[in-house]
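Structure assessment
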Amino acid sequence: AFRGERDAQGSGRPSSCSRPPFSPALPVTTPHLTVPRFLEVGTTWSVNCTLDGLFPASEVQVHLALGNQTLNSTVESHENTITATATATASMEQEGAQEIVCNMTLANVSWEARENITIYSFQGPILNLSEPSAPEGTAVTVTCLAGPRVQVTLDGIPAPAPGQPVQFQLNATETDDRRIFFCSATLQVDGEILHRNSSVLLRVLYGPTIDQAKCPQRLTWKDRTIHVLQCQARGNPDPTLHCFQEGSRLEVPIGIPFLVRLNHNGTYSCKAASSRGTHTITVVMNVWDRNARAVSIVLGVLAVLGVVTICAALLYVFGVHRHSAIYHVNQGSTSLPLTSRQPEEAVGEDPS
């Protein structure tokens, strides 16, 4: 009863301040509860519960719970709408099917919403190498494992059954260096297949090798020209590579342009070295002088001209000899006629 009503009752007069009793507005719907379908052990997820049509919303009492665990919620009201938000962290003890409950109460009237959630544990996959950095020729064991009910597959090889590991062994070679191994894991949760993957890199330690296909053993270059000596060496750890001229120990840069001079002419020893050993190949560099080549060309031309001159002289000599004749004087004639006979015709004449 209001004070004005009490006054009116005492004086027998109606009160000018009288008003009807307070009546809250109550919704006819249930709260809207938003939760994840799955929740992994150790992870945190947001839970939201909303209800419209409440007045006064500020007087609503909210209770959120995951199973028998009460969640600390934050409640906000806006006009006739109230929203409760909480974070849920799943524990190992809650693994399996659970229920999240949202309860709102106003004026002794309650509204409730429930949603199912599955809490699961997905351990792995854990991928291991017995020798992450193995010398060449070492036996390396690759193993992949995961938690209960998890099926793993290592480089296409499945485990015998869910929850069991899978492994294989290899003899590490140079070709296995930087090889990547993959392990996939699958877990079925409430009819859904969840996937996870893992990978690991293998390093194989092996001695240096100079790739002869990328390091020519014989080079011919001109003096005072720019060239690059292309040589490459592989190995793990990465080897150093140097090329020194035999005798003078003159070093030629590798992989960068340099000016070729006549003193670069010679035989070089190219050696790759690392903690795993050394590898050496021989490179011959022929450097020729462009002026010397011009002189050689001139001498060659002169030699050709000399041969041509000798041949012409011989042709001339043999030609004159072939056209020579024997001449006789006719003594009975004053006009001195001359007759000519070829040597072949004069052979059979009478000398008188």
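The coordinates are above.
In short, a report on the structure. Small disclaimer: the values here were computed from a predicted structure and weren't measured. In this convention, every chain numbers its residues from 1, walking through the sequence in written order. Only residues with pLDDT of at least 70 are given local features in this predicted model, and only at 80 or more are side-chain atom pairs given and counted; all residues enter the totals for whole chains, interfaces and linings. Note that water and hydrogens are dropped before the side-chain values are worked out from all heavy atoms of the structure.

**Thoughts on the pattern of salt bridges**
When the charged atoms of two side chains with opposite charge come close together, those side chains can pair. Here is the rule: The term salt bridge refers to a pairing of a side-chain nitrogen on Lys or Arg with a carboxyl oxygen on Asp or Glu at a separation within 4 Å. What counts as a helix is a DSSP run of H or I of at least four residues, what counts as a strand is a run of E of at least two, and both are numbered from the N terminus. Think of it in three bands: residues with accessible area under 20% of the maximum for their type are buried, residues over 50% are exposed, and the middle band is partly exposed, with areas taken using a 1.4 Å probe on protein chains only.
If you walk through the whole model with that rule in mind, you get twelve salt bridges. Note that glutamate 99 is salt-bridged to arginine 114, the shortest N-O span being 2.6 Å. Pair noted here: glutamate 99 is in strand β8 (residues 96–106) and arginine 114 is in strand β9 (residues 109–120), with a separation of 15 residues, a long-range link. Residue class for arginine 114 comes out partly exposed when judged on its relative accessible area of 44%.

**Let's talk about the nonpolar core**
So the rule is basically this: For the purposes of this section, nonpolar cores are sets of buried Ala, Val, Leu, Ile, Met, Phe, Trp, Tyr and Cys residues that join through side-chain atoms within 4.5 Å.
Membership of the largest hydrophobic core comes to 27 residues, with the highest contact counts inside it found for Leu127, Val142, Val152, Leu154 and Phe181. Listed by contribution, the elements that provide at least two residues to this core are β10 (126–129), β12 (139–145), β13 (151–154), β15 (166–171), β16 (179–189) and β17 (192–210). In terms of residue count, the dominant contributor to this core is β16 (five residues). By size, the runner-up hydrophobic cluster in this structure holds 24 residues, among which are Leu39, Val60, Leu64 and Ile100.

**Concerning the state of the cysteines**
Formally: In plain terms, two cysteine sulfur atoms within 2.5 Å form what is called a disulfide here.
Counting across every chain of the model gives four disulfides. Between the sulfur atoms of cysteine 49 and its disulfide mate cysteine 102 the distance is 1.8 Å. Its S-S torsion of approximately -90° makes the covalent link between cysteine 49 and cysteine 102 left-handed. Here the residue cysteine 49 occupies a position in strand β3 (residues 44–52), and cysteine 102 occupies one in strand β8, the gap between them amounting to 53 residues. Like cysteine 49, the residue cysteine 102 is buried in the burial classification. Here cysteine 243 pairs with cysteine 270 through a disulfide, and the sulfurs are 2.0 Å apart. In this structure the cystine formed by cysteine 243 and cysteine 270 twists about its S-S bond by roughly 115°; its chirality is therefore right-handed.

**Details of the pairing of strand β25 (residues 277–288)**
As a reminder of what qualifies: The criterion for strand pairing is that DSSP finds at least two bridges linking the strands in question.
Where strand β18 (residues 218–222) meets β25, five bridges bridge the pair, whose relative direction is parallel. Bridged to lysine 222 within β25 is tryptophan 288. Pairing of strand β24 (residues 266–274) with β25 involves nine bridges; the strand directions are antiparallel. Pairing of cysteine 270 across the sheet is with isoleucine 281, part of β25. Here β24 folds back onto β25, and the loop between the two strands holds two residues.

**Examining the sheet that holds strand β4 (residues 61–66)**
Let me state the cut-off plainly: Axes here mean lines fitted to C-alpha atoms, for a helix over just the part in contact, with angles spanning 0 to 180 degrees between N-to-C directions.
One open sheet accounts for five strands, arranged β2-β9-β8-β4-β5; its pairing is mixed. Looking along the sheet, the strands with just one partner apiece sit at the ends: β2 (38–40) and β5 (69–71). Ignoring which end each strand starts from, the neighbouring axes of this sheet average 30° apart. One ladder, built from six bridges, connects β4 with β8; its direction is antiparallel. Along β8, the bridge assignment pairs histidine 63 with asparagine 103.

**Notes on the environment of serine 184**
Definition in use: The contact criterion used is simple: two residues touch if any of their non-hydrogen atoms lie within 4.5 Å.
Inspection of the secondary structure assignment puts serine 184 in strand β16. Considered as a pair, serine 184 and alanine 146 are 38 residues apart in the sequence and their alpha carbons are 9.9 Å apart. In this view, serine 184 contacts Gln151, Val152, Thr153, Arg196 and Asn197; residues no more than four positions away in its chain are not counted.

**Some details on the packing of aromatic side chains**
The criterion, for reference: Stacked, tilted and edge-to-face pairs are distinguished by plane angle, under 30 degrees for stacked and over 60 for edge-to-face with tilted covering the rest, among Phe, Tyr and Trp rings (Trp via its six-membered ring) whose centres lie within 6.5 Å. Placement of a charge over a ring requires the Lys NZ or Arg CZ to be within 6 Å of the ring centre, with the centre-to-atom vector within 35 degrees of the ring normal.
Across all of its chains, the model carries three aromatic pairs by this definition. Here the aromatic rings of phenylalanine 168 and phenylalanine 181 are separated by 6.0 Å at their centres, their planes lie at 55°, and the arrangement is tilted. On the criterion of sequence distance, the pair formed by phenylalanine 168 in strand β15 and phenylalanine 181 in strand β16 is long-range, its members being 13 residues apart. Residue phenylalanine 168 is classed as buried on the basis of its relative accessible area, which comes to 18%. With a centroid separation of 6.0 Å and an interplanar angle of 65°, the aromatic rings of tryptophan 221 and phenylalanine 258 are classed as edge-to-face. Placement of tryptophan 221 in strand β18 and of phenylalanine 258 in strand β23 (residues 257–260) is noted, with a sequence separation of 37 residues between them. As far as burial versus exposure is concerned, tryptophan 221 and phenylalanine 258 are alike and both buried. Directly above the ring of phenylalanine 122 sits arginine 196, whose terminal nitrogen or CZ lies 4.5 Å from the centroid. Here arginine 249 stacks its cationic end above the ring of phenylalanine 244, 4.4 Å away from the centre of that ring.

**Topic: the sheet that holds β15**
On the basis of which strands lie adjacent, the open sheet formed by three strands has the order β10-β12-β15 and antiparallel pairing. The open sheet has two edge strands, β10 and β15, and neither has a second partner. Pairwise comparison of adjacent strand axes, ignoring direction, gives a mean angle of 15° for this sheet. In terms of strand pairing, β12 meets β15 through six bridges, oriented antiparallel. Bridge pairing links threonine 141 to glutamine 169 in β15.

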